[in-house]
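# A closer look at the structure
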Amino acid sequence: MPMQLLVNIDHIATLRNARGEGYPVPAQAAQICEKAGAAGIVFHLRGDRRHIMDHDLSELKESVQGVLDFEMAATEEMIALLHQVQPDICTLVPEGREELTTEGGLHLAAVFEDFKTRVFPAIRNGAAGSKVEISLFVDPNPDDIQGAIELGSDAIELHTGTYANASTPSAAQAELDRLATAAKMAHAAGLKVNAGHGLNQKNLTPFLRAVPHLADISIGHALISEAVFHGLANTVQAYMTIIEQVKEEQR
């Protein structure tokens, strides 16, 4: 499956909510991103509603023409909303009320039985049924990859934040090695390999070159921040150029 860019538009909603004026509208941002070449849109509806709000869901569902990825905690509330929205992908993430952003991947050993007996059946047997692809946001740990395999997840999303925040080249390379090993393990088991968190125009190319079998690349905060200075469409196109260049190298 070829690499493609999904844009996380959460922080369009963050800007809107700062003043409560009703703009900028996340769904309009999503349309601009797709017109500029993005393959789809990611949003995270958090329990505290700090950025995306419930009324955004139907607007995003109606507006997004490509892939729609609903990031969510594995709560009954979110599963019910998932079945209403019926996105293409549901990415299950850990969620802490005090965190500024998602701080790491799921610790699958701690949630394995709950996911096996409650979460996965609730997602797959509900109104949306098997049409929704389940992805687990995980660190590049063999035990977590194995857990995703055993749960029957359709995909994983590799947490790239440790790589993105590495303080030295050697630390970054060590994390790239871990990510590559995890990607190979997941791919060998038939899982789709997605990735995201902390990626930007400076660190994206080395990541794409080092880690095989990548599909959906989710980028949000850096892209939206850069768009303040360069425009949303231009920034999406800049990321698309990086992805296409690496894909050309790998042909």
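Residues numbered from 1 in each chain as written. Predicted model: local features only at pLDDT ≥ 70, side-chain atom pairs only at ≥ 80, totals over all residues. Heavy atoms only, no water.

## Quick word on the overall build of the protein
- Check the secondary structure of the protein and you find 11 helices and 8 strands.
- In terms of overall dimensions, the protein is globule-like: its C-alpha atoms have a radius of gyration of 17 Å, near the 18 Å expected for 251 residues.
- With respect to the three principal axes, the spread of C-alpha positions in the protein is 45 × 40 × 35 Å.
- Each of the 251 residues in the protein was classed as buried or not, and the buried ones make up 52%.
- Look at the contacts in the protein between residues 6 or more apart in sequence, and 67% of them connect residues 24 or more apart.
- Here the protein displays about 11,300 Å² of accessible surface, and carbon together with sulfur accounts for 52% of that area.
- Within the protein, one finds 19 positive and 33 negative side-chain charges whose respective centroids are separated by 3 Å. (Helix = DSSP H or I, 4+ residues; strand = E, 2+ residues; numbered from the N terminus. Rg over C-alpha atoms; globule rule 2.2 N^0.38 Å. Buried < 20%, exposed > 50% of the residue type's maximum accessible area, 1.4 Å probe, protein only. Contact = heavy atoms within 4.5 Å. Areas by Shrake-Rupley, 256 points an atom, 1.4 Å probe, with all protein chains shown as cover. Lys, Arg positive; Asp, Glu negative; His and termini not counted. Charge placed at Lys NZ, Arg CZ, Asp CG, Glu CD.)

## What about the pattern of salt bridges?
- Scanning the entire structure with this criterion turns up 15 salt bridges.
- The residue glutamate 77 makes a salt bridge to arginine 49 at a minimum N-O spacing of 2.7 Å. In this pair, glutamate 77 sits in helix H4 (residues 76-85) while arginine 49 sits in the loop between strand E2 (40-44) and helix H3 (54-63), placing the two residues 28 residues apart along the sequence.
- Among the residues examined, arginine 49 registers a relative accessible area of 17% and is labelled buried.
- Here arginine 178 and glutamate 175 are joined by a salt bridge, their closest N and O atoms 2.9 Å apart. Residue arginine 178 and its partner glutamate 175 are located together in helix H8 (residues 169-188), separated by 3 residues, close to a single helical turn. (Salt bridge = Lys/Arg side-chain N within 4 Å of Asp/Glu carboxyl O.)

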